[in-house]
Amino acid sequence: MNTAGHSEAKARRGLELTPFRGLRYDPDRVGSLAAVTSPPYDVVVRPDGVHHLRSADPHNIVRLILPEADTPEARNAQAADTLRRWRAEGVLTADPDPGLYVYEQSHGDGMLQRGIIGALRVSDPEEQLVLPHEDVMPHIVADRAALMRATSANLEPLLLTYRGDGSATVTAGLIDRVAERPPLLATTTEDGFHHRLWSLTDAADVTAITKELAGHQALIADGHHRWATYRRLRAERPSPGPWDHGLVLLVDTARYPLRVRAIHRLLHGLPVADALTALHGLFRVRRVDAALPDALGVLAEATATGNAFLLAGDGTFHLVDRPDPDLLARTVPADRPRAWRTLDATVLHATLLEHVWRIPEDSPAHIAYIHDTAATVEKAERDGGTAVLLHPVREEIVRDLARQGVTMPRKSTSFGPKPASGLVLRALDL
């Protein structure tokens, strides 16, 4: 075989979104659809969030995506047994026909987001079809892979974005028309978001959408570890087969711009006083006597002129900015674009974590990554650790770096709104 020709043909393949038979909760078998949903697994603040969700309804999806047991093996076996039982009992039932799903999220603050949920062909990095923008942590990929193997299911969709041209397209028109029909489900979660879901089973409509999407490139907005898991599991299984595809939500951000927020760090076992002492002579440190919203405003102003972080955990806030240029020159790798070298997350990981505080970034015993700002501060104060709060990165920087093939430090961004877990699942035996 002509390997070069084969690779070239492979590279010409576009995004391939296929219909599937969604596995959904029977609303007559659960307390409410809102009570069985959850944020994505990595957004749930453990253990408080898990306990809250488990008590919301005995069938909450968190029992599948974050099972609780003494060992990883027992947790995964528990999730698989729970999924089998819920399907046997009719708590989760499969839709009769395969289709794509139109998913809408809205909020009273004026936010509206619509996209398409389907099973996307798992592509290789060299195809440059699905672009990551962050590194992943191997232990999390291994954890998610073990759960997917045990359950033989995609339990929650990734969030992928693509850029349409902003004008009326076939996909946009279909989404708008479908959204005028009564939905398969509608619910409002406790965060105030309204969720609606429709199925799209007409063969002509499905073909039109998949043909249009094939001309686009997607950015992973949320779900880097699950995409890496899809790739690992596909490599383990014979092809063709159900593991060749993974559950995703695709959103056109030309029509529905996402919100970008930061993911904060909680440093276990590092008191704020010790963290500040280590920064002496390397960064400027100023105390910020203000409530959290105002302190974040101070952080935003500081990031306009350079790298800045907000430390918390001792009952107040400390602005850390103006790093020593010589320190950055010694610690930040010089073989990346300037946009990457000047990221706050880059300086945090390359300079602060690795060289100043000497904290391993991939050790759960030393560091946690938390999306909720207030929760990060509260946990730091309760546990005696240090919260490091970051200002979000602009989406255009994320996308530009991804197109150059440059990944940002892990957990650099939080795109949203994220799809609620529990509205539609994909069982690989359907």
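Colleague: Lay out a negative patch on the surface with the relevant residues and their values.
Modeller: A cluster of acidic residues, Asp314, Asp372, Glu378 and Glu381, forms a negative patch at the surface. Looking at the element boundaries, Asp314 is found in the loop between strand 16 (308-312) and strand 17 (317-321).

Colleague: Outline the packing of helix 7 (residues 170-178) against helix 8 (residues 203-213), supporting the account with residue identities and numerical values.
Modeller: Between helix 7 and helix 8, the least distance of the axes is 9 Å, while the angle of their chain directions is 140°. One finds that helix 7 runs oblique with respect to helix 8. Crossing hand, helix 7 versus helix 8: left-handed. Here Val170, Thr171 and Leu174 of helix 7 lie close against helix 8, whose contacting residues are Asp205, Ala208, Ile209 and Glu212.

Colleague: If you had to explain helix 16 (residues 395-403) to someone new, which residues and values would you point to?
Modeller: Among all positions of helix 16, only Glu395, Val398, Arg399, Leu401 and Ala402 are buried. The buried residues of helix 16 occupy an angular sector of 165° when the element is viewed end-on, so they sit on one face. Each element contacted by the buried residues of helix 16 is listed here: strand 6 (130-131), strand 8 (158-162), strand 11 (218-222), strand 13 (259-261), helix 13 (338-341) and strand 20 (414-416).

Colleague: I'd like to hear about the pattern of salt bridges, residue by residue, with values.
Modeller: Tallied over the full model, the rule gives 27 salt bridges. Salt bridges here are not isolated pairs; linked through shared partners, they connect Glu104, Arg114, Asp176, Arg196 and Arg255.

Colleague: So what's going on with unusual backbone geometry? Residues and values would help.
Modeller: Most peptide bonds adopt trans geometry, and most residues besides glycine take a negative phi value. Going from Ser239 to Pro240, the amide bond is cis rather than trans, its omega being 5°. When you line up the elements, Pro240 lands in the loop between helix 9 (224-236) and strand 12 (245-252). Residues Gly416 and Pro417 are joined by a peptide bond in cis, for which omega reads 5°. With respect to the helices and strands, the residue Pro417 is situated in the loop between strand 20 and strand 21 (426-427). For Gln128, which is not glycine, the phi dihedral falls at a positive 55°. The residue Gln128 is located in the loop between strand 5 (112-121) and strand 6 in this model.

Colleague: So what's going on with the packing of aromatic side chains? Residues and values would help.
Modeller: Each aromatic ring pair is summarised here by two numbers: the centre-to-centre distance and the angle between the ring planes. Under the defined criterion, the tally for this structure stands at three aromatic pairs. The interplanar angle of 70° and the centroid separation of 6.2 Å between the aromatic rings of Trp227 and Tyr230 together place this pair among those described as edge-to-face. Taken together, the residues span about one helical turn, with Trp227 and Tyr230 both in helix 9 at a distance of three residues. Given the relative accessible area of 5%, Trp227 is considered buried. Residue class for Tyr230 comes out buried when judged on its relative accessible area of 4%. The ring centre of Tyr41 lies 4.0 Å from the NZ or CZ of Arg144, which sits over that ring. The ring of Trp340 carries Arg336 above its face, with NZ or CZ at 4.4 Å from the centroid.

Colleague: Report on the packing of helix 6 (residues 138-151) against helix 9, specifying residues and quantitative values.
Modeller: Between helix 6 and helix 9, the shortest axis-to-axis distance is 9 Å and the interhelical angle comes to 60°. On the basis of the axis angle, helix 6 is oblique to helix 9. As helix 6 packs across helix 9, the resulting crossing turns out to be right-handed. Contacts between helix 6 and helix 9 involve Ile140, Val141, Ala142, Arg144, Ala145, Met148 and Arg149 from the former and His225, Arg226, Ala228, Thr229, Tyr230, Arg232, Leu233 and Glu236 from the latter.

Colleague: Give a detailed account of the environment of Arg226, specifying residues and quantitative values.
Modeller: By the element assignment, Arg226 lies in helix 9. Judged by its relative accessible area of 2%, Arg226 falls in the buried class. A C-alpha to C-alpha distance of 8.9 Å links Arg226 and Ile140, two positions 86 residues apart in sequence. For Arg226, the side chain forms a polar contact with the side chain of Asp222, separated by 3.1 Å.

Procedures and definitions
Residues numbered from 1 in each chain as written. Predicted model: local features only at pLDDT ≥ 70, side-chain atom pairs only at ≥ 80, totals over all residues. Heavy atoms only, no water. Patch = residues over 30% accessible without salt bridge, like charges linked within 9 Å, V, L, I, M, F, W, Y side chains within 5 Å. Areas by Shrake-Rupley, 256 points an atom, 1.4 Å probe, with all protein chains shown as cover. Salt bridge = Lys/Arg side-chain N within 4 Å of Asp/Glu carboxyl O. Lys, Arg positive; Asp, Glu negative; His and termini not counted. Charge placed at Lys NZ, Arg CZ, Asp CG, Glu CD. Helix = DSSP H or I, 4+ residues; strand = E, 2+ residues; numbered from the N terminus. Axes fitted to C-alpha atoms, helices over the stretch in contact; angles between N-to-C directions. Parallel < 35°, antiparallel > 145°, perpendicular 65-115°, else oblique. Left-handed = near helix turned anticlockwise from the far one by under 90°. Contact = heavy atoms within 4.5 Å. Buried < 20%, exposed > 50% of the residue type's maximum accessible area, 1.4 Å probe, protein only. Arc of directions from axis to C-beta. Phe/Tyr/Trp six-rings, centres within 6.5 Å; stacked < 30°, edge-to-face > 60°. Lys NZ or Arg CZ within 6 Å of the ring centre and 35° of its normal. Polar contact = N/O pair within 3.5 Å; in protein donor to acceptor, adjacent residues only side chain to side chain.

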